[in-house]
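Each chain is listed here by its residues.
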Amino acid sequence: MKAVVFPGQGAQFVGMGKELYDQSKKAQTLFSQANEILGFDIQELMFAGTPEDLMQTSVTQPSIFIHSVAAALENGLDLEAKMVAGHSLGEFSALTVSGAISFEEGLKLVSIRANAMQKACDAQESTMAAIVGLDDEVVEAICAEIEDIVVPANYNTSGQLVISGTVSGVEKGIELALERGARIAKKLAVNGAFHSPLMESARLELAEGIEKADIHDAKMPIYQNVTARPHIEKEDIKANLLQQLTSPVRWTQTMQQMMADGATEFVEAGPGNVLRGLLKRVDRKFPASAVS
C-alpha cells in the first residue's frame with residue numbers, strides 16, 4: 001500500500017522544479033497558475049533566484065508547495081496513493097493531492113500562511129532548537145518546568161524533537177537538555193517559534209482563509225499533523241487545519257500510524273529527502289523513494 005508524504009519548510013534549493021518544468025506540461029500549467037495567483041514570478045525565483053530569495057517565508061512556502069504538488073501529479077501519485085501526509089507546510093500539499101482542496105485554494109492558503117507567519121515572527125523575537133538523544137517524555141518535562149514559553153513543536157523521529165518558543169525559553173531548554181544527557185541541543189537557523197503559542201496571531205489570520213476555502217472530503221485518508229490519525233471528512237480536516245499552526249507536528253506518530261494501517265512503501269514528493277531520512281530512523285525495513 002503506497003503512502004505519499006510531502007516535505008515542509010527547509011527543503012528548498014535554488015533551481016528547484018526547473019527540470020520538472022522543462023519536461024512536464026502539467027508542471028508548466030501549474031507554474032503559470034501560481035504566478036497569476038501570487039502576483040509575482042515565483043518561477044524565476046525558484047529557478048534562478050538566490051538562496052536569500054528562497055529563504056523569505058513568502059517565497060519558500062509557495063515554492064515547496066508548487067514543486068511538491070507538481071511532482072506528485074506528474075508521477076500519477078494522486079491516483080496511486082492510498083494514504084498521504086505532509087510535514088507542517090507539506091500538509092497543504094497532501095490536502096491538494098488527496099482532493100480535499102484544489103491547487104488554487106491550496107496555494108492561496110499557503111500564501112496567507114507564509115505571510116501571517118512572517119508577521120508573527122517579526123512581532124516577537126523567538127526561535128526553535130533541535131534536541132537529539134532524549135526520550136520525548138524527558139523533553140516534554142523540560143518544557144513544562146520552564147516559566148518562559150517553550151513547547152515541543154516537531155516530533156520528527158524517535159529521539160529527535162524540536163522545541164519552539166521565546167529565545168530565553170529555548171535557551172533554557174537547551175541548557176536543561178544538555179544537563180540531562182542530550183547528545184545534541186542546538187538552535188535552528190529560524191527566526192520564529194513555529195508550532196507554538198507564539199503563532200496565535202498567524203493562526204487567526206490563516207483561520208479566516210480556511211473558513212472561506214472550498215474544502216471537500218478527501219479521496220484517500222490524510223494523516224494530519226495535529227492528531228497523527230487518518231481523516232477523510234471535510235469537517236475533521238478543517239478542524240485539524242485550524243489548529244495546525246499552534247500545535248506540534250506529530251511526525252513520528254504519523255509514520256508509525258501509517259505503518260500500522262498497512263503502508264508498505266513510502267514516496268516523498270517534492271524537493272529534498274529529509275522525510276526519507278526520518279522514516280529510516282522510525283523503521284528501516286520500509287522501502288522509501290522520492291520524486292522531485
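In the block above lies the structure referred to throughout.
Residues numbered from 1 in each chain as written. Predicted model: local features only at pLDDT ≥ 70, side-chain atom pairs only at ≥ 80, totals over all residues. Heavy atoms only, no water.

**Brief notes about helix α13 (residues 251-260)**
Move 1: The buried fraction of α13 amounts to 7 of the 10 residues, a majority that puts the element mostly inside the structure.
Move 2: Looking at the packing, one finds that the buried side of α13 touches β1 (2-6), β2 (83-86), β4 (150-157), β7 (222-223), β9 (265-269) and α14 (274-282).
Move 3: Looking one or two residues beyond α13, the residue adopting positive phi is Gly-262, at roughly 115 degrees. (Buried < 20%, exposed > 50% of the residue type's maximum accessible area, 1.4 Å probe, protein only. Helix = DSSP H or I, 4+ residues; strand = E, 2+ residues; numbered from the N terminus. Contact = heavy atoms within 4.5 Å.)

**So, the sheet that holds β7**
Move 1: The mixed open sheet is built from 6 strands, whose spatial order is β8-β7-β2-β1-β9-β10. At either end of the open sheet lies a strand with only one pairing partner, and these are β8 (230-231) and β10 (288-291).
Move 2: Where β1 lies against β2, 4 bridges are found, and the strand directions are parallel. Opposite Val-5, over in β2, you have Ala-85 as the bridge partner.
Move 3: Across the face of the sheet, α13 comes into contact with β1, β2, β7 and β9 while running at roughly 170 degrees to β2. (Pairing = 2+ DSSP bridges. Axes fitted to C-alpha atoms, helices over the stretch in contact; angles between N-to-C directions.)

**A few points about empty space enclosed by the protein**
Move 1: This structure, assessed with the given rule, holds 1 cavity of 30 Å³ or more.
Move 2: Here the largest cavity is characterised by a volume of approximately 30 Å³.
Move 3: In terms of lining residues, the largest cavity is bounded by Val-5, Met-255, Phe-266, Val-267, Glu-268, Leu-275, Arg-276 and Leu-279.
Move 4: Among the elements of the structure, β9 and α14 are those that each provide at least two residues to the lining of the largest cavity. (1 Å grid on protein atoms, 1.4 Å probe; cavity = no way out; pocket = protein on both sides within 12 Å on 5 of 7 lines; lining within 4 Å. Points joined across faces, edges and corners; volume = space filled by probe spheres on them.)

**Considerations on the nonpolar core**
The tendency in soluble globular proteins is for nonpolar side chains to be buried as a group.
Move 1: Counting 62 residues, the largest nonpolar core has Val-4, Phe-6, Phe-65, Ile-66, Val-84 and Phe-103 as its most contacted members.
Move 2: When residues no more than four places from it in sequence are discounted, the contact partners of Val-4 are Leu-77, Ala-81, Met-83, Val-84, Ala-85, Val-267 and Ala-269.
Move 3: Formed by 17 residues, the second largest nonpolar core is a distinct cluster that contains Ile-131, Ile-146, Leu-161 and Val-170. (Core = buried A, V, L, I, M, F, W, Y, C linked by side-chain atoms within 4.5 Å.)

**What about unusual backbone geometry?**
Move 1: Within the chain, Ser-88 stands out as a residue other than glycine whose phi angle is a positive 60 degrees.
Move 2: Tracing the backbone shows Ser-88 in the loop between β2 and α7 (90-97).
Move 3: Judged by relative accessible area, which is 11%, Ser-88 ranks as buried.
Move 4: Positive phi values are uncommon outside glycine, yet Ala-228 reaches one of about 60 degrees.

**Brief notes about helix α10 (residues 167-179)**
Move 1: Its 13 residues place the ends of α10 19 Å apart at the C-alpha level, agreeing with the 18 Å of an ideal helix rising 1.5 Å per residue.
Move 2: The set of residues buried in α10 consists of Val-167, Gly-169, Val-170, Gly-173, Ile-174, Leu-176 and Ala-177.
Move 3: Of the surrounding secondary structure, the elements contacted by the buried residues of α10 are β3 (126-132), α9 (136-145), β4, β5 (160-166) and β6 (184-187).
Move 4: Residue Gly-181 follows α10 closely and has a positive phi angle near 100 degrees. (Expected span 1.5 Å × (residues − 1).)

**A look at the pairing of β5**
Move 1: Extensive coverage of β5 is indicated by the burial of 7 of its 7 residues.
Move 2: Judged from the 6 bridges that link them, β4 and β5 form a sheet pairing that is antiparallel. Residue Thr-157 lies in a different strand from β5, and its bridge partner there is Gln-160.

**Quick look at the layout of surface pockets**
Move 1: Within this model, the largest pocket holds a volume of roughly 760 Å³.
Move 2: Residue lining of the largest pocket: 30 residues in total, with Gln-9, Gly-10, Leu-188, Val-190 and Phe-194 positioned closest to the centre.
Move 3: For the lining of the largest pocket, the elements supplying multiple residues, two or more each, are α5 (57-74), α8 (103-123), β3, β4, β5 and α14.
Move 4: Taken together, the residues of the lining of the largest pocket sort by class into 14 nonpolar, 15 polar and 1 charged. (Nonpolar A, V, L, I, M, F, W, Y, C, P; charged D, E, K, R; others polar.)

Read these as layout, nothing more, since geometry by itself doesn't imply function.
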